[in-house]
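# Structural characterization, general
Listed below are the residues making up each chain.
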Amino acid sequence: MIKKFTNEYQMYKNEKGLEILEISNGIILPRKYSEEAPNWGLGGVCDQENVFVKTSEYHGGWAEHGGVYNWGKEEYIDEEVIYFGLFFNHWGHFLVDLIGRLWYYVKNNVAVKYKLAYIGEDEPGGNFCEFFELLGIRSEQLIHVTVPTRFRKVVIPEVSCRPCIWYTKEFQSIFDSIVDRVKKTGYIPVGFEKCNKVYFSRLGFKKAQNTEVGEKLIARWLEINGYQLISPEKLSLRDQIYIWNHAKEIVCLNGTIPINVAFSQNSNLKLIVLNKTSLVHKNLDLFLLMRKCNVSILDVYYEPFKKYPKSIGEGPFLIHITKDIEQFSQTHHMDMPFSRIFLRKEFVLNYVRLVWCIWNLKGRIRMITAKLCPVFIKEKIRKVVRK
């Protein structure tokens, strides 16, 4: 049954004021793992007496980070910095878990005064750098702390969002500031000037090609009905911001993509979210609460095995034309280009592909085919599965 967003988990906007700590001669500890560490590791900020500053921890529910450990040699940089916290290259986690301290730049307009210090193994590039740039933070202002490093002063803004529970006006201001800056420049991406009905597809996303089966049918159905198929991972952040604020209708699979509704200031937007699993994606609900738009949620999954998908991020997923799709198509007077016979055939093939994905995840396919199958049979199997 097609659902609407109802905030069933009672998330809310937190009206409390946020704190800012200024630590003179503070030291930033890079991430370190140990058996006793939180799942995202130890690290954070200590004061000049080497006492750990609790405000530098991150608590995201299932994701936790922060804590002190013993260190020896340290470096010194004579700079005043803002502590960003942990960074790694995952767009969904970046928006949900990692940017919560950046409100301080927006509120105080301090991009010229302070550099931004972060920890973690990855370095930002592409849309991550564009995100920082749109807040006035240039790439040369980013300091990647890879060894214990003491600074003249470390500013620690309180985190402005608690995923799946609450957000603040400061958290929303991060996105509003970026969107307002893009709008002010009058930016219009080539090829998307008149985007109306959009389907953000994952067909071109390499990871999804190995874990998501059946999306081609959804994409074909939407394309025939006038939706523009767009691969968001190939777009700049400015491109995506333009689309989220100018499209009348956006369809996408649940996961990272709909979290980008955070960049939409269009309250008239029709957002259709396609659930590719029965597993609940609570992170999205907070962003739907923050950004008011007309949301419809359709189930497009089939889950024949109890232990799969393993998680929303890991999969694997079997996507197909469900009753929700048929109901939506009829209600909106859309064409359904597939016959029942064709859909049954595709369902069987996709079921086989799902089994292949599961076995492949366990490393069994390669082992079995290596021992039992001649080379020409292996190639035939691969061609069938990839179609």
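A few points on the structure.

Let us look at the overall build of the protein. Broken down by element type, the protein carries 12 helices and 20 strands. Relative to the 2.2 N^0.38 estimate, which gives 21 Å for 387 residues, the radius of gyration of the protein is 23 Å and therefore close to what a compact globule would have. Within the span of the protein, comprising 387 residues, buried residues form 54% of the whole. At a minimum sequence separation of 6, the contacts of the protein that also span at least 24 residues come to 75%. Surface accessibility of the protein: about 19100 Å² in total, with carbon and sulfur atoms responsible for 52%. Distance between charge centres in the protein, computed from 54 positive and 42 negative side chains, equals 9 Å.

For the pair helix 3 (residues 126-134) and helix 7 (residues 237-246), interaxial distance at closest approach is 9 Å and the crossing angle is 70 degrees. Looking at the two axes, helix 3 sits roughly perpendicular to helix 7. Here N127, E130, F131, E133 and L134 of helix 3 lie close against helix 7, whose contacting residues are L237, R238, Q240 and I241. Class assignment for the residues of the contact of helix 3 with helix 7 results in 4 nonpolar, 2 polar and 3 charged.

Quick look at the nonpolar core now. Among the nonpolar cores identified, the biggest contains 86 residues, and F94, L102 and F131 are the most heavily contacted of them. If near-sequence neighbours (up to four positions away) are discounted, F94 is found in contact with F84, F87, I99, F128, F131 and F132. Membership of the second largest hydrophobic core comes to 20 residues, among which are I272, L298, I325 and F338.

What follows concerns unusual backbone geometry. Put simply, Y308 and P309 share a cis peptide bond, and its omega is 0 degrees. Here P309 is to be found in the loop between strand 19 (294-299) and strand 20 (317-318). The backbone of Q10 shows a phi angle near 55 degrees, a positive value even though the residue is not glycine. Mapping Q10 onto the fold places it in the loop between strand 1 (3-4) and strand 2 (12-13). Taking relative accessible area as the criterion, Q10 reaches 65% and is therefore assigned exposed.

Once that is clear, we can look at the packing of aromatic side chains. Enumeration according to the criterion identifies 28 aromatic pairs in this entry. Aromatic ring contacts, followed pair by pair, group F84, F87, W91, F94, Y118, F128, F131, F132, F171, F175, F263 and F287 into a single cluster. Residue placement shows K276 over the ring face of F317; its charged tip is 4.6 Å from the ring centre. One Lys or Arg, K282, reaches over the ring of Y9 and ends 4.7 Å from the middle of that ring.

Quick look at the pattern of salt bridges now. Counted according to the given criterion, the structure contains 18 salt bridges. In this structure, the salt-bridge partner of E80 is K153, at a minimum N-O distance of 3.9 Å. In this pair, E80 sits in strand 8 (residues 75-86) while K153 sits in strand 11 (residues 149-157), placing the two residues 73 residues apart along the sequence. Each member of the pair E80 and K153 is classed as buried.

A cluster of basic side chains, namely K13, K107, K169 and K292, defines a positive patch on the protein surface. By secondary structure assignment, the location of K292 is in the loop between helix 8 (282-290) and strand 19. Look at K292 and you get exposed, because its relative accessible area is 55%.

What counts and how
Residues numbered from 1 in each chain as written. Predicted model: local features only at pLDDT ≥ 70, side-chain atom pairs only at ≥ 80, totals over all residues. Heavy atoms only, no water. Helix = DSSP H or I, 4+ residues; strand = E, 2+ residues; numbered from the N terminus. Rg over C-alpha atoms; globule rule 2.2 N^0.38 Å. Buried < 20%, exposed > 50% of the residue type's maximum accessible area, 1.4 Å probe, protein only. Contact = heavy atoms within 4.5 Å. Areas by Shrake-Rupley, 256 points an atom, 1.4 Å probe, with all protein chains shown as cover. Lys, Arg positive; Asp, Glu negative; His and termini not counted. Charge placed at Lys NZ, Arg CZ, Asp CG, Glu CD. Axes fitted to C-alpha atoms, helices over the stretch in contact; angles between N-to-C directions. Parallel < 35°, antiparallel > 145°, perpendicular 65-115°, else oblique. Nonpolar A, V, L, I, M, F, W, Y, C, P; charged D, E, K, R; others polar. Core = buried A, V, L, I, M, F, W, Y, C linked by side-chain atoms within 4.5 Å. Phe/Tyr/Trp six-rings, centres within 6.5 Å; stacked < 30°, edge-to-face > 60°. Lys NZ or Arg CZ within 6 Å of the ring centre and 35° of its normal. Salt bridge = Lys/Arg side-chain N within 4 Å of Asp/Glu carboxyl O. Patch = residues over 30% accessible without salt bridge, like charges linked within 9 Å, V, L, I, M, F, W, Y side chains within 5 Å.

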